Amino acid sequence: MEGGGPAVRRRSRSASARKRSRDRAQSRSACSPPARKRPSSGAGEEPQPAPSSPEYNNDSEEDMFGDYDSFSGNDSLLAQVDNMEQECIQSIDLTSCTKNMEDKATVEPAFGYLQLQNAKSKELIFSAAGNITGFRTEEENHLRITSEQENRTLEPGDCFLDDLPSSQLLCFEEMNKTSVDSRKSSGTKESANDMNSCLDKMLNQSSCHHNAEHTKINNELSLSTSSNLSKRKSLKDHLKNTMTGNAKAQTPQVSRTKQLKEAVLSEEICVAKKTIETSSVDIGPFYGLPSKVKDLLVQFRGIEKLYEWQHTCLTLESLQQRKNLIYSLPTSGGKTLVAEILILQELLCRQKDVLMVLPYVAIVQEKVWALSSFGIELGFLVEEYAGSKGRFPPIKRRMKKSLYIATIEKGHSLVNSLIETGRIGDLGLVVVDELHMLGEGSRGATLEMILAKILYTSKTTQIIGMSATLNNVGDLQQFLQAEYYTNNFRPVELKEYVKIQDSIYEVDNKAENGLTFSRLLNFKYSSNLQKMDPDHLIALVTEVIPNYSCLVFCPTKKNCENVAEMICKYLNKVFVCLFAPNRSREYRNHRENEKQDLIKDLKNIGKGSLCPVLKRTIPFGIAYHHSGLTSDERKRIEEAYSAGVLCLLTCTSTLAAGVNLPARRVILRAPYVATEFLKKNQYKQMIGRAGRAGIDSAGESILIVQEKDKHLVRDLVNSPLENCYSNLFLEFTKGIQSLLLSLVGLKIARNPEEIYHFMCGTLFGVQQQFLSKEKSLSAITREALGCLIEKGLLKGKMTSEKEQKSQSNLEITQLGQATYKGSIDLAYCDALYRDLKKGLEGLVLESCLHLLYLTTPYDMTYHCRPDWMIYFRQFSQLNSVEQKVAAIVGVPESFITKKASGQAIKKDVDNCVINRLYLSFVLYALLKETNIWNVSEKFNMSRGYVQNLLNSAASFSSCMLHFCEELEEFWVYKALLTELTKRLTYCVKAELIPLMEVAGVLESRAKQLYDSGYKTLAHLANADPETLVKMIEHLSRHQARQIVSSAKMLLREKAEALQEEVEELLKVPTDTPEGLLTTLP
């Protein structure tokens, strides 16, 4: 990103000034060799003029008439015939010459004018209108006109004179000889120079007046002048008569060199035309984007220059040819920026929609927040598809293009809706972050479905995948039909260490066992401290904090809290007092006021409650980070860590795959995630957080290992990354069965033969020989289809493989249609249908408890362990109508009473039903109190688990709504579920919902905004960020700008949606009979 390109916006000029500028530019392009445009490299360099060929300079028009001056050799004669000379030459010679010059300059790319005019047209249109759609129309018109001119008979030649008639070529040759003789005889250089200057001025004027109107006026003027001068013979008259006579001369034969050049030129024109038609429109100097994008990167991200690998990747030939691409670099290498530039190219240059698939809801919200600012400035929409948010199908925009940022599950539903409505071609680009997730369970299977459907249904949609941990790239390339780019670049060097007892070894691939001794840990431990901290964590962290940041990854959530407390305890009492009394106040005094503000904020988030562990650790600049925290708490802790208020986080592995929180040193407390030994991909994700670009000169990772795990760790650090394998077969109901059901429902494939052809193009099809050696792909496909027919989701008859070709098409049932459109797990679709059907017999609507039971996710019940005393206490607090709900769903009061008292139960009750009802009590309490802290204490659950339950219920409620929309018998649920989904999504007072719709605004921030007078979306969209910073406590300018940008984006999106709806309503139907057709006023 070196030097900037031309400014995108310019001040308006008067019409006459613009006309003069155009005339001068056209004159220069016609009379001098134009500059060749260099391909955009992102550096923003100005085009360099191509060197003029000697042939062009020697045979120019000025030289020809300059020779004629030398032939006259008389200053007095020049004064007498000056006026006559201008009129005659303009009317006879230069009319033809100028016309040919125009055709030559317009069509002939050999002189680079095609590129120059193209760039000029883009620049003027973009700066004047600022409307990319208008620009594309102008670009298409220019290409059409150019194409028409190219179809004319051309005579490309060696120099500028090749476009003149052959008679004039002969005349010029004779005059050239005569002029040489004249120069030898007269020896008057001054006269020649004067005449050359005069005629040079004439040529500049004539080349500027090249349109048809000026040509006509010049012709009329020449006729009248010729009649007045017919009585007088002059040198000009002689020249006129000679050229008129030579016009009848035979055209000279074209040379071999000229013919070759003509062939090359013709080929270049075809290639250029084809390239322009197939590639994106270049609208600026920054990788085809306007220089404003470069300025926005500096303004919003502080990025002034791209890394060399980023420039190389963006200019890959495969990207220019719109091939699919997989690229892999270490964590923190800058992969996301490349993807974002490609996204902007698709939105602005090609005018296509883009889908960006991210693994987690938090990352989706963060990306929506970050890119909304670009959308506001550059004129595209950013739409969030996560949790219960998103429209299916998305609104079809007429004017602006959309960037859909989605989780894997929502991205799948979005792609399905686009295929169903025949709009998958509107999707120009799909970007997948963390591509290695293809190999991770049911979510990997869903991601594979997305990509396979896009590959099969749209040949124009480009797919870009990126990851830091890929191994079997060949399989992925074959699946995605993609090119591959990789680089080992890291902005900050990473040094890997392994600690065994008190020795630290550096990871060295060249060493025999992969490890090289580095140093002994020099730290004085008392016997008591040695017992409490046998892994020497305190010694390791105090080498970097508080001046630098540190992350400590722990196997479990409880271990995170214990480690944080242990470090703080001994920093306060043992380490500081015994070993470093001079630093006794250093940890507490480091940014003490900001730590107190953080504690205050966390109390406000908890509505007066604060985790006792955080209360003890934050004064030392230490906190824990795991899924047990609420979203608001995690976000506030992340902000404090990024700002340097907190210097150490103890965290689980989820942080490595979530938001970007780099550190100077990363410590892995043990080579385990829960009870499973660490995988190489997980290890690389964790240590990739070490080293902060622009802050640290190097990053360090230290893996703490026990003697019993030494051999496993050696294998870990020296082993390759794990292969990425398809999960379509392993996740049977969420995988291959779900895929085949949607294929038939979307009419992508209707019979076993077509389905088998589709399956061959999946990652499972590529890897089938490794994943299922016992069964063939065809057999697995037919087995899955048989299961779907047996469940009543498909209709049709399965025959033997020999009769497969003659088999009729399969059809999807109503239940099957509802299941795939609602993204319901096939393992639960029957149970859901039965529960909804049973609910119709006696749905209790005096409270929302019955509806909450129906919307409680089935998969959450497996991790639920009810406390029977709490169960009984909550049941007892229900009124008689609400207690009736328990009996309706199948949990009688007597069963709960006996369980709470510890009595034996003879009657069996479905555990799934028991657990669902218990979780529905939790949700019911949440909707009544809207206080996660109180509810979590009441049910003895972690705050994070309660919030996860709430988010899962909101998402499942949204899926149920789409399920019921496909089944007429469940019409009554539509209105009920619409309102309930909204309440579950936000779980706040009604007045805060409009503010919480803004990406990045959580409950605590929404309360602050509401209390400060920002009560609607419009208030927030029109707010001044500087005023927000002053009115809202602990809000940075960066956060304020992002909140305002997100609010503007959401408001604009809603306004656009309403406008689209209005235009659709006012649209005259095409099938209206002529007699009934009316014209709207």
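Definitions and cut-offs
- Residues numbered from 1 in each chain as written.
- Predicted model: local features only at pLDDT ≥ 70, side-chain atom pairs only at ≥ 80, totals over all residues.
- Heavy atoms only, no water.
- Helix = DSSP H or I, 4+ residues; strand = E, 2+ residues; numbered from the N terminus.
- Buried < 20%, exposed > 50% of the residue type's maximum accessible area, 1.4 Å probe, protein only.
- Contact = heavy atoms within 4.5 Å.
- Areas by Shrake-Rupley, 256 points an atom, 1.4 Å probe, with all protein chains shown as cover.
- pLDDT = per-residue confidence, 0-100.
- Pairing = 2+ DSSP bridges.
- Axes fitted to C-alpha atoms, helices over the stretch in contact; angles between N-to-C directions.
- Core = buried A, V, L, I, M, F, W, Y, C linked by side-chain atoms within 4.5 Å.
- Patch = residues over 30% accessible without salt bridge, like charges linked within 9 Å, V, L, I, M, F, W, Y side chains within 5 Å.
- Salt bridge = Lys/Arg side-chain N within 4 Å of Asp/Glu carboxyl O.
- Phe/Tyr/Trp six-rings, centres within 6.5 Å; stacked < 30°, edge-to-face > 60°.
- Lys NZ or Arg CZ within 6 Å of the ring centre and 35° of its normal.
- Parallel < 35°, antiparallel > 145°, perpendicular 65-115°, else oblique.
- Left-handed = near helix turned anticlockwise from the far one by under 90°.
- Nonpolar A, V, L, I, M, F, W, Y, C, P; charged D, E, K, R; others polar.

Caption draft 1: Inspection of the overall build of the protein chain at higher detail. Counting its regular elements, the protein chain contains 47 helices and 19 strands. Evaluated residue by residue, the protein chain yields a buried proportion of 51% over its 1081 residues. Sequence-distant contacts in the protein chain: of pairs separated by 6 or more residues, those separated by 24 or more amount to 73%. Entry remark: accessible area of the protein chain is about 50,700 Å², with carbon and sulfur atoms responsible for 50%.

Caption draft 2: Seen up close, helix H29 (residues 733-745). Here H29 lies mainly inside the structure; eleven of its 13 residues are buried. Among all positions of H29, only Gly735, Ile736, Gln737, Ser738, Leu739, Leu740, Leu741, Ser742, Leu743, Val744 and Gly745 are buried. Close packing links the buried residues of H29 with helix H18 (441-457), helix H30 (752-759), helix H32 (777-790), strand S18 (794-795), strand S19 (811-812) and helix H33 (814-821). Directly beyond the C-terminal end of H29, a positive phi value near 65° is found at Lys747.

Caption draft 3: A look at the confidence of the model for the protein chain. The predicted model of the protein chain averages 78 in pLDDT, with 71% of residues at 70 or higher. Confidence over residues 94-171 falls short of pLDDT 50; this stretch has 140 contacts with residues more than four positions distant or in other chains. This stretch, residues 183-233, has a pLDDT under 50; its non-local contacts, to residues over four places away or in other chains, come to 64 contacts.

Caption draft 4: View of the sheet that holds strand S4 (residues 402-406). Within the open sheet, the seven strands sit side by side as S3-S4-S2-S5-S6-S1-S7. Their pairing is parallel. Bordering the open sheet on either side are strand S3 (381-385) and strand S7 (482-486), each of which pairs with just one other strand. Strand-to-strand, the axes of this sheet are offset by a mean angle of 15°, without reference to chain direction. By the bridge criterion, five bridges tie strand S1 (residues 324-328) to S7 in an arrangement that is parallel. Considered in S7, the bridge of Ser328 is made with Thr486.

Caption draft 5: A look at the environment of Met798. Along the polypeptide, Met798 turns up in the loop between S18 and S19. The exposure class assigned to Met798 is partly exposed, which follows from its relative accessible area of 25%. Considering only alpha carbons, one finds Met798 and Gly786, twelve residues apart in sequence, at a separation of 7.0 Å.

Caption draft 6: Here's a closer look at the pairing of S3. Within S3, five of the five residues are buried, which leaves it mostly tucked inside the rest of the structure. Here S3 shows two buried faces, one formed by Leu381, Glu383 and Tyr385 and the other by Val382 and Glu384. Looking at chain direction, S3 and S4 are connected through five bridges and run parallel. Each bridged residue has a counterpart across the sheet, and for Val382 the counterpart in S4 is Leu403.

Caption draft 7: Summary view of the environment of Gly1013. Structurally, Gly1013 can be placed in the loop between helix H44 (1003-1011) and helix H45 (1017-1021). Residue classification places Gly1013 among the partly exposed positions, given a relative accessible area of 37%. Taking the C-alpha atoms as reference points, Gly1013 and Met1031, 18 residues apart in sequence, are found 9.8 Å from one another.

Caption draft 8: Representation of the side chain of His412 within the structure. Position of His412 relative to the elements: it lies in helix H17 (residues 408-420). In contact with His412, not counting residues within four places along its chain, are Thr446, Met449, Ile450 and Lys453.

Caption draft 9: Quick look at the nonpolar core. In this structure, Met759 and Phe963 are the most contacted members of the largest nonpolar core, which totals 125 residues. Top element by residues in this core is helix H39 (residues 911-929). It accounts for twelve residues. By size, the runner-up hydrophobic cluster in this structure holds 74 residues, among which are Leu537, Phe553, Leu571 and Leu668.

Caption draft 10: Looking closely at the sheet that holds strand S17 (residues 698-705). Across the sheet, which stays open at both edges, the eight strands sit in the order S10-S9-S8-S17-S14-S11-S13-S12 with mixed pairing between neighbours. In this open sheet, the two strands that pair with only one neighbour each are strand S10 (515-520) and strand S12 (622-625). For this sheet, the mean inter-axis angle between neighbouring strands, taken without regard to orientation, is 25°. Pairing of strand S14 (residues 665-668) with S17 involves four bridges; the strand directions are parallel. Each residue of the ladder has a partner; that of Ile667, found in S17, is Ile702. Contacting strand S11 (550-553), S12 and strand S13 (648-651), helix H26 (residues 631-642) runs over the sheet at an angle of about 135° to S12.

Caption draft 11: Region of the structure containing a nonpolar patch on the surface. Together, Val1062, Leu1065 and Leu1066 line one region of the surface with nonpolar side chains, adding up to about 310 Å² of accessible area. Inspection of the secondary structure puts Val1062 in helix H47 (residues 1037-1066).

Caption draft 12: Up close: unusual backbone geometry. Here the amide bond leading from Phe392 into Pro393 is cis, since omega sits at -10°, within 30 degrees of zero. Within the secondary structure layout, Pro393 lies in the loop between S3 and S4. That bond from Ile545 to Pro546 is cis: its omega, 5°, falls within 30 degrees of zero. Within the fold, Pro546 resides in the loop between helix H21 (537-542) and S11. Residues other than glycine seldom take positive phi values, yet Ser332 does so here, at roughly 75°. Within the element layout of this structure, Ser332 appears in the loop between S1 and helix H15 (335-349).

Caption draft 13: Region of interest: the packing of aromatic side chains. Counted according to the given criterion, the structure contains 20 aromatic pairs. Aromatic pair Tyr307 and Phe489: ring centres 4.6 Å apart, planes at 50°, arrangement tilted. Remark: Phe489 occurs in the loop between S7 and strand S8 (493-500) and Tyr307 occurs in the loop between helix H12 (291-301) and helix H13 (308-314); sequence separation between them is 182 residues. The exposure class of Tyr307 is partly exposed, given its relative accessible area of 29%. Owing to a relative accessible area of 26%, Phe489 belongs among the partly exposed residues under this scheme. By way of ring pairs, the aromatic residues Trp868, Tyr871, Phe895, Tyr918, Phe921 and Phe939 are connected into one cluster. The lysine or arginine in question, Arg916, covers the ring of Tyr858, its NZ or CZ lying 4.0 Å from the ring centre.

Caption draft 14: Region of interest: the pattern of salt bridges. Scanning the entire structure with this criterion turns up 39 salt bridges. In this structure, Lys821 and Glu966 form a salt bridge, with 3.6 Å as the shortest nitrogen-oxygen distance. Pair noted here: Lys821 is in helix H33 and Glu966 is in the loop between helix H41 (943-965) and helix H42 (971-986), with a separation of 145 residues, a long-range link. Looking at Lys821, the relative accessible area reads 25%, which means it is partly exposed.

Caption draft 15: Local environment of the packing of H18 against H29. Put simply, H18 and H29 touch, their axes get as near as 9 Å, and they point 30° apart. Accordingly, the angle class assigned to the pair H18 and H29 is roughly parallel. When the axes of H18 and H29 are compared, the crossing they make is right-handed. Each of Ser442, Ala445, Met449 and Lys453 in H18 lies in contact with H29, whose residues at this interface are Lys734, Gly735, Ser738, Leu739 and Ser742. Grouping the constituent residues of the contact of H18 with H29 by class yields three nonpolar, four polar and two charged.

Caption draft 16: Quick peek at the environment of Leu329. Mapped onto the elements, Leu329 comes out in the loop between S1 and H15. When its relative accessible area of 1% is taken as the criterion, Leu329 is described as buried. Each C-alpha atom of the pair Leu329 and Thr486 lies 6.0 Å from the other, and the pair is 157 residues apart in sequence. In this structure, Leu329 is in contact with Trp309, Lys335, Ser467, Ala468, Asn487 and Phe489, ignoring residues within four places of it in sequence.

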